[in-house]
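Structure at a glance
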Amino acid sequence: MDLRSLRYFVAVAEERHFGRAAARLHMTQPPLSRAVRQLETDLGALLLHRSPTGVTPTAAGAALYDEARALL
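As the structure is a prediction and not an experimental result, all values here were calculated from the model. (Residues numbered from 1 in each chain as written. Predicted model: local features only at pLDDT ≥ 70, side-chain atom pairs only at ≥ 80, totals over all residues. Heavy atoms only, no water.)

Before going further, it helps to examine a nonpolar patch on the surface. A grouping of Leu3, Leu71 and Leu72 is seen on the molecular surface, where their side chains present a nonpolar patch of about 310 Å² in accessible area. Tracing the backbone shows Leu71 in helix 4 (residues 59–71). (Patch = residues over 30% accessible without salt bridge, like charges linked within 9 Å, V, L, I, M, F, W, Y side chains within 5 Å. Areas by Shrake-Rupley, 256 points an atom, 1.4 Å probe, with all protein chains shown as cover. Salt bridge = Lys/Arg side-chain N within 4 Å of Asp/Glu carboxyl O. Helix = DSSP H or I, 4+ residues; strand = E, 2+ residues; numbered from the N terminus.)

Written out as structure tokens, the structure reads:
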């Protein structure tokens, strides 16, 4: 886990949408999705519930969001 991954996760959690988060981060959506998926793999926990209309944080995602915001 690195600060870049946390910054990506925080953007997605705040925007509740990968596309909007990617635009906010000035990047495209596929690498953002891969980075968040890799973060989930590294932590061994699902951080976001994905749906066609957007994302919502899981309990683990909400806990990580609070810690990541404090860190960043």
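Taking 1.5 Å as the rise per residue, helix 1 (residues 3–15) with 13 residues should run 18 Å; its terminal C-alpha atoms sit 18 Å apart, in good agreement. Taken together, the buried positions of helix 1 are occupied by Ser5, Leu6, Tyr8, Phe9, Val10, Ala11, Val12 and Ala13. The inward-facing, buried residues of helix 1 abut helix 2 (18–24), helix 3 (29–43), strand 1 (48–51), strand 2 (54–57) and helix 4. Arg16 sits one or two residues past helix 1 and shows a positive phi near 60°. (Expected span 1.5 Å × (residues − 1). Buried < 20%, exposed > 50% of the residue type's maximum accessible area, 1.4 Å probe, protein only. Contact = heavy atoms within 4.5 Å.)

Take the packing of helix 1 against helix 4 next. At a minimum axis separation of 10 Å, helix 1 and helix 4 run at an interaxial angle of 120°. Relative to helix 4, helix 1 is oriented oblique. The two elements helix 1 and helix 4 cross, and the hand of that crossing is left-handed. Touching Leu3, Leu6, Phe9, Val10, Ala13 and Glu14 of helix 1 are Gly61, Leu64, Tyr65, Ala68, Arg69 and Leu71, all from helix 4. (Axes fitted to C-alpha atoms, helices over the stretch in contact; angles between N-to-C directions. Parallel < 35°, antiparallel > 145°, perpendicular 65-115°, else oblique. Left-handed = near helix turned anticlockwise from the far one by under 90°.)

Another aspect to go through is the environment of Glu15. As for its placement among the helices and strands, Glu15 is situated in helix 1. Of the residues examined, Glu15 reaches a relative accessible area of 25% and is grouped as partly exposed. Sequence separation of Glu15 and Thr56 is 41 residues, and the distance between their C-alpha atoms is 9.7 Å. The residues touching Glu15, leaving out its near neighbours within four places in the chain, are Arg20, Ala21 and Arg24.

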